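Examining the three-dimensional arrangement
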Amino acid sequence: MKKVSVLGFGSWGIALACLLHKNGHKVTMWEPNQPLAEMLHRERVNQRSLPGVVIPDEIVITADEILAADGDVMLVVLSSKDIPEKIAVIAPHLKSGQIVVNASKGLIKEPLQRITEYLEGLIPDCKVVCLSGPSHAEEVSRNLPTTVTAASPCAEVAKEIQDIFSGENFRVYTSTDIIGVELGGVLKNVIALAAGVCDGLGYGDNTKAALMTRGIAEIARLGVAMGADVQTFAGLSGIGDLIVTCTSKHSRNWRGGNLLAQGKNVEQVLTEVNMAVEGINTAPTVLALARKYNVDMPIVEEVNKVLFEGKDPKAVVVDLMQRVKKGE
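Below or above, wherever it landed, is the structure these notes cover. (Residues numbered from 1 in each chain as written. Predicted model: local features only at pLDDT ≥ 70, side-chain atom pairs only at ≥ 80, totals over all residues. Heavy atoms only, no water.)

Next up on the list: the overall build of the chain. What the chain contains, in helices and strands, is 15 helices and ten strands. For the chain, the C-alpha radius of gyration of 19 Å lies close to 20 Å, the compact-globule estimate for 328 residues. Expressed as lengths along the three principal axes of its C-alpha atoms, the size of the chain is roughly 55 × 40 × 35 Å. Relative to its 328 residues, the chain shows a buried fraction of 54%. Across the chain, every contact between residues at least 6 apart in sequence was considered, and the portion connecting residues at least 24 apart equals 71%. When the accessible surface of the chain is summed, it comes to about 14300 Å², and 51% of that surface belongs to carbon and sulfur atoms. The chain carries 33 positive and 38 negative side-chain charges, and their two centres are separated by 4 Å. (Helix = DSSP H or I, 4+ residues; strand = E, 2+ residues; numbered from the N terminus. Rg over C-alpha atoms; globule rule 2.2 N^0.38 Å. Buried < 20%, exposed > 50% of the residue type's maximum accessible area, 1.4 Å probe, protein only. Contact = heavy atoms within 4.5 Å. Areas by Shrake-Rupley, 256 points an atom, 1.4 Å probe, with all protein chains shown as cover. Lys, Arg positive; Asp, Glu negative; His and termini not counted. Charge placed at Lys NZ, Arg CZ, Asp CG, Glu CD.)

Following this line, the structure appears as C-alpha cells:
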C-alpha cells in the first residue's frame, strides 16, 4: 500500500482517486479552498465535474497542504493554468525524492515549459512521471477497460507507477520517453478543437480522417523537434489519445470546437462547457513552441486564429485546403 495525494478535484482527479482506493492505496485529495474542501468532504461528490460518482469515505479530503504533502506519490491533476499558483502552496512542504506524477494535459505558459519540466524545477530532487493516454474520466469511473502509459526518464520509477495504478480494468504500459508521452496528451487537445469545428460545420468522415491524420503529423513534427521519439506518437499517448478526444461525446475539446462552429466565442464556449477546456488554454502556448522550434503547424495556427482573432471556421477550411501542394 502506498500513500497517494491527489492534487485536483476535477473529473480526472476523482476518477483516479477512486481507482487508487480500489487498488488498496491510502488516498488523500487536496483542495486548497477550505470551504470547498469542507463541502466536498461532506457531500462526497462533485456534481459539476463528475456527477453521480461518490467518493469513498476512506479517501481523505483536506485543505491542509502539510497533510497532503505527506504522500509517497503526488498526483497532479490540476488545470494547467492553475498549476503555478496551487503547486506553489504545497511545494515547500514536499519531501526530497518524492514521486510526482503529472496527469494534467496542458503546458505552463510562463515560463514556456512542459508541466513535468516545471515541477522538476520547483520541487527538489523529485522523480517525475507523466501518466497519459486515451482515458475519459467518465469511463474510468464506470470501470470500463482503459489503457494508458506511465513515462519517466527512469524506467524503474515508471514501473513503480505502473504497479500502483494497474488494476482489473486499468492497464498501464511504461515508457522512458516522457517528452513524447506528455506532448501527445497536450497537443491532441488543439487538434480535437478542430475536429469539433469540423463536425459542427457538417463535414463528413473524409474530412475528419484527413484532419486527424494531418494533426498527428503536426504533433509528431513538434515532438521530434523537442526531443521525443517519433514512435511514441503511434502509441496510446499519441494516436490513441487523439482518436478518443476527436471522436468522443465526453471530449470537452471536441465540444468546444463544435460550439465555435456554431458562432460562439471563447468566453461563451467556456461558460457553456463549464469545465476546463485545455485546448483553449494551451493553443497559444503550442503555437509559441512551434515558432520557438521552427516547426510548421498549420492546423494549430488556424485554430488560434479562430479562437483569438475571430476568423470564420469555414474560411479556415478553405485556407487549409488551398495551401501550396506538397508531398505527404
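Okay, back to it.
Turning our attention to the pairing of strand β2 (residues 26-30). Along any regular strand the residues' side chains alternate between the sheet's two faces. Counting buried residues along β2, four of its five residues qualify, which places the element largely inside the surrounding structure. Sheet topology places strand β1 (residues 3-7) next to β2; five bridges connect them, and they run parallel. When the bridges of β2 are listed, Leu7 appears paired with Trp30. A crossover links β1 with its parallel partner β2, the connecting element being helix α1 (residues 11-22), and its sense is right-handed. The sheet contact formed by β2 and strand β3 (residues 60-62) spans three bridges and is parallel. Residue pairing for β3: Trp30 is matched across the bridge by Thr62. (Pairing = 2+ DSSP bridges. Right-handed = clockwise from strand over helix to strand, strands pointing away.)

Ile83, Ile87 and Ile90 are the residues of helix α4 (residues 83-90) that are buried. Down the axis of α4, the sector holding all buried residues measures 60 degrees, keeping them to one side. Tucked inside the fold, the buried residues of α4 contact β1, β2, α3 (65-68), β4 (73-76), β6 (107-108) and α5 (115-122). (Arc of directions from axis to C-beta.)

What follows is about the pairing of strand β10 (residues 170-175). Here strand β9 (residues 146-151) pairs with β10 via six bridges, running parallel. Counterpart to Thr149 in the pairing with β10 is Tyr173. On the question of chirality, the crossover connecting β9 to the parallel β10 by way of helix α7 (residues 155-165) is right-handed.

Attention shifts here to unusual backbone geometry. Backbone torsion omega between Glu110 and Pro111 reads -5 degrees, so that peptide bond is classified as cis. Structurally, the position occupied by Pro111 is in the loop between β6 and β7 (113-114). Even without glycine at this site, Asn143 takes up a positive phi of about 65 degrees. Along the chain, Asn143 falls in the loop between α6 (137-140) and β9. Asn143 sits in the partly exposed class, given a relative accessible area of 32%. The phi dihedral of Asn274 falls on the positive side, at around 65 degrees, and the residue is not glycine. Secondary-structure assignment places Asn274 in the loop between α12 (266-273) and α13 (278-292). Residue class for Asn274 comes out partly exposed when judged on its relative accessible area of 42%.

Let us now look at the packing of helix α8 (residues 178-200) against helix α14 (residues 298-309). Packing of α8 against α14 leaves a shortest axis separation of 10 Å and a crossing angle of 65 degrees. Relative to α14, the crossing made by α8 is left-handed. Contacts between α8 and α14 involve Val190, Ile191, Leu193 and Ala194 on the former and, on the latter, Ile299, Val300, Val303 and Leu307. Along the lines of polarity and charge, the residues of the contact of α8 with α14 split into eight nonpolar, no polar and no charged. (Axes fitted to C-alpha atoms, helices over the stretch in contact; angles between N-to-C directions. Left-handed = near helix turned anticlockwise from the far one by under 90°. Nonpolar A, V, L, I, M, F, W, Y, C, P; charged D, E, K, R; others polar.)

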